[in-house]
Amino acid sequence: ELTAVDEEDILHNHYDVRIQRREMLRTWKQKLGSKATYYGLAKAFNDIERADLVGKVVELLASTSSPASLHCDTPLLGLPVLLSFRVTQGQKSINIPQEISTHYRTFGIHLLNDHTGAIVDGIVHKYREDSLQINIEILQRWIRGEGRKPVSWKTLTDCLRDTGLSELADDIRQALANS
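About the criteria used
Residues numbered from 1 in each chain as written. Predicted model: local features only at pLDDT ≥ 70, side-chain atom pairs only at ≥ 80, totals over all residues. Heavy atoms only, no water. Helix = DSSP H or I, 4+ residues; strand = E, 2+ residues; numbered from the N terminus. Buried < 20%, exposed > 50% of the residue type's maximum accessible area, 1.4 Å probe, protein only. Salt bridge = Lys/Arg side-chain N within 4 Å of Asp/Glu carboxyl O. Axes fitted to C-alpha atoms, helices over the stretch in contact; angles between N-to-C directions. Parallel < 35°, antiparallel > 145°, perpendicular 65-115°, else oblique. Left-handed = near helix turned anticlockwise from the far one by under 90°. Contact = heavy atoms within 4.5 Å. Nonpolar A, V, L, I, M, F, W, Y, C, P; charged D, E, K, R; others polar.

Engineer: Whenever I open this one, unusual backbone geometry confuses me. Can you help?
Structural biologist: Glycine aside, the phi torsion of most residues is negative, and most peptide linkages are trans. You will see that Ser-101, though not glycine, has its phi angle at about 55 degrees, which is positive. Checked against the element boundaries, Ser-101 lands in the loop between helix 6 (96–100) and helix 7 (104–111). The phi torsion at Asn-113 lies on the positive side, around 50 degrees, for a residue other than glycine. One can find Asn-113 in the loop between helix 7 and helix 8 (118–127). Note on Asn-113: relative accessible area 28%, which makes it partly exposed.

Below, the structure is given as structure tokens:
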């Protein structure tokens with residue numbers, strides 16, 4: 001992460017906004033080394049509520065990966081849901097972690113292939129029954145590959161169905177079909 005001192009140095013030493021941006025990215029990448037990923041960059045922008053920049057990272061990812069239409073088999077990587085876990089159905093925005101609610105244990109066991117429940121129990125302990133944070137952590141771990149299941153809309157909706165959340169799975173599929 002960039003410190004306030006890093007930012008101040010960059011802003012003081014470079015007057016052109018484009019150069020400031022480039023230097024901030026370069027400094028961020030230097031500090032994180034191999035941990036500087038597109039996911040990390042998009043998450044950092046999301047954390048400071050810069051949805052516009054999250055969108056640019058997503059566009060960059062989409063332009064560098066093979067083009068695919070948005071449907072249930074489309075990988076999640078590079079899509080806005082990567083960070084927000086939201087899809088839009090008409091006027092309604094579906095907040096997936098919020099909709100999963102307290103079904104997190106069953107959902108996490110299915111999505112993360114956590115047969116003993118130990119991983120999910122650790123997450124539950126960490127967030128002390130805060131279902132929204134628990135569900136976000138489960139989804140983030142899955143996206144990072146910790147669940148050993150393909151990162152796709154189909155996997156997500158299948159796991160929701162297996163968890164007993166068929167209506168939510170159907171809503172997501174409908175939203176994707178209408179995109």
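Moving on from the coordinates now.
Engineer: Just checking my understanding: could you explain the pattern of salt bridges for this structure?
Structural biologist: In the structure shown here, the tally under the stated rule is 9 salt bridges. Of the charged contacts, one joins Asp-6 and Lys-31 as a salt bridge, the two residues approaching to 2.7 Å between their closest N and O atoms. With a gap of 25 residues between them, Asp-6 in helix 1 (residues 4–13) and Lys-31 in helix 2 (residues 17–32) connect regions that are remote in the sequence. What makes Asp-6 buried here is its relative accessible area of 15%. Asp-16 is paired through a salt bridge with Arg-18; the nearest N and O atoms lie 3.3 Å apart. The class for Asp-16 is partly exposed, based on a relative accessible area of 30%. For Arg-18, a relative accessible area of 63% translates into the label exposed. Taken together, the salt bridges that share partners define one network made up of Lys-126, Glu-137 and Arg-141.

Engineer: Mind showing me how you'd approach the packing of helix 8 against helix 9 (residues 131–143) here?
Structural biologist: The relative placement of two packed helices comes down to the angle between their axes together with the axis-to-axis distance. Interhelical geometry of helix 8 versus helix 9 gives an angle of 135 degrees and a closest axis separation of 9 Å. The pairing of helix 8 with helix 9 is recorded here as oblique in orientation. Between helix 8 and helix 9 the crossing geometry is right-handed. The residues of helix 9 that touch helix 8, namely those facing Ile-119, Ile-123, Val-124, Lys-126 and Tyr-127, are Gln-133, Ile-134, Glu-137, Ile-138 and Arg-141. Classifying every residue of the contact of helix 8 with helix 9 by side-chain character gives 6 nonpolar, 1 polar and 3 charged.

Coordinates in, geometry out; function isn't part of it.
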